[in-house]
Amino acid sequence: MKILNVVGARPNFVKIAPITSEMRKRSGITPLLVHTGQHYDREMSGSFFRDLDIPRPDYHLHVGPGSSASQVSAIIGRLEPVMAQERPDVVLVVGDVNSTLAGALTAVKLGIPVVHVEAGLRSFDRKMPEEINRVITDAVSDLLFVSEPSGVGNLLREGHPPERIFLVGNVMIDTLKEALKRKDGAAIFASKFNSICQTRSSAPRYALLTLHRQGLVDDPVLFGKIWIVLKEIGQRIPIIFPVHPRTRLRLQTMECKSFPASGQGNGSIGIHMIDPLGYPEFLGLEKE
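In this text, all values refer to a predicted model and were calculated from it rather than measured experimentally.

**Q** How should the sheet that holds strand β5 (residues 114–119) be read in this particular structure?
**A** Strands in a sheet are paired, the pairing made by backbone hydrogen bonds, and the direction either parallel or antiparallel. Spatially, β3-β2-β1-β4-β5-β6-β7 is the arrangement adopted by the 7 strands of the open sheet, whose pairing is parallel. Two strands lie at the open edges of the sheet, namely β3 (59–60) and β7 (165–167), each paired on one side alone. Helix α3 (residues 68–86) rests against β1 (2–7), β2 (30–35), β3 and β4 (90–94) of the sheet, and its axis sits at about 170° to β1.

Here's what the structure looks like:
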């Protein structure tokens, strides 16, 4: 069986790692991996393949940045000839990013069965691009692999046949457990961030921040209110903030005119902005 796996963004990489690892152990499976290039730089993409032991992609589509609609259309345009050439038995997509939707739509148009891993999750907010991706991907998928019981209920309410729904658990936990075996979070923390976090207390102590959802950072009024609160928190406890490229662009248009190109940010407001981290490095910070 030839299975073509489509990924494109960091959440995909964390999910696909244990799946492709298992596929490579099975003599009856030929796994192919397509990286759409939705996340395209080293921090957002390359380091994850190395750190999570994901094999080098068989195809890299180099789609790059763009709006949701332009990314989906670009991926479909570049993915169709790959699927037409390889003619896989199954196309597997994970999560809810633009690459997920594009992979599913391309496959179903070519008559190739679609498997969706992490099916059935719902925010019930159709303003979220991810919610649209989830609903449409589930609608065209032949097999729905669900991470939690609420997902099964959502799919049944939407009319999906029960024989296509499988409650399998969360593959990101497999990745988490494997990463915790390999990396010492305390060592990563001590080597990189100990000096930052001792500036306001004798013992290292800090908050860890992620902030990149389109609905949060693309609204300048809402993002401005969030940033005011974060600055207040930063005066009480240092905040370590690995900054997503989307958020970086928004910050550069706001009051934070001294936002750095790379490295540590403006510690004077208590928010230490750094480049995106690899999965083990971020896990080390989170663990501490």
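**Q** Honestly, the side chain of Asp-96 in this entry has me stumped. Any pointers?
**A** Along the chain, Asp-96 falls in the loop between β4 and α4 (98–109). Judged by its relative accessible area of 13%, Asp-96 is buried. Only 2.9 Å separates the side chain of Asp-96 from the side chain of Arg-134, close enough to count as a polar contact.

**Q** When you look at the pattern of salt bridges in this model, what are you seeing that I'm missing?
**A** Side chains that carry opposite charge are capable of pairing whenever their charged atoms lie near each other. Summed over the entire model, instances satisfying the criterion amount to 15 salt bridges. Across the pair Glu-118 and Lys-15 runs a salt bridge, and its minimum N-O distance is 3.1 Å. One end of the pair, Glu-118, is in strand β5; the other, Lys-15, is in helix α1 (residues 10–23), with 103 residues separating them in the sequence. Classification of Lys-15 as buried rests on a relative accessible area of 5%. Between Lys-25 and Glu-22 there is a salt bridge, with the nearest N and O atoms lying 3.1 Å from each other. For Glu-22, a relative accessible area of 32% gives the class partly exposed. Each of Glu-22, Lys-25 and Arg-26 takes part in a single network of salt bridges with overlapping partners.

**Q** Could you clarify how one ought to interpret the sheet that holds strand β9 (residues 239–242) in this entry?
**A** A sheet is described by the order of its strands in space; here 3 strands give the open sequence β8-β9-β10, paired in parallel fashion. Whereas interior strands pair on both sides, the edge strands pair on one side only; in this sheet they are β8 (207–208) and β10 (271–274). Pairing between β8 and β9: 2 bridges, direction parallel. Bridging across to β9, Leu-208 finds its partner in Ile-240.

Criteria and thresholds
Residues numbered from 1 in each chain as written. Predicted model: local features only at pLDDT ≥ 70, side-chain atom pairs only at ≥ 80, totals over all residues. Heavy atoms only, no water. Pairing = 2+ DSSP bridges. Helix = DSSP H or I, 4+ residues; strand = E, 2+ residues; numbered from the N terminus. Contact = heavy atoms within 4.5 Å. Axes fitted to C-alpha atoms, helices over the stretch in contact; angles between N-to-C directions. Buried < 20%, exposed > 50% of the residue type's maximum accessible area, 1.4 Å probe, protein only. Polar contact = N/O pair within 3.5 Å; in protein donor to acceptor, adjacent residues only side chain to side chain. Salt bridge = Lys/Arg side-chain N within 4 Å of Asp/Glu carboxyl O.

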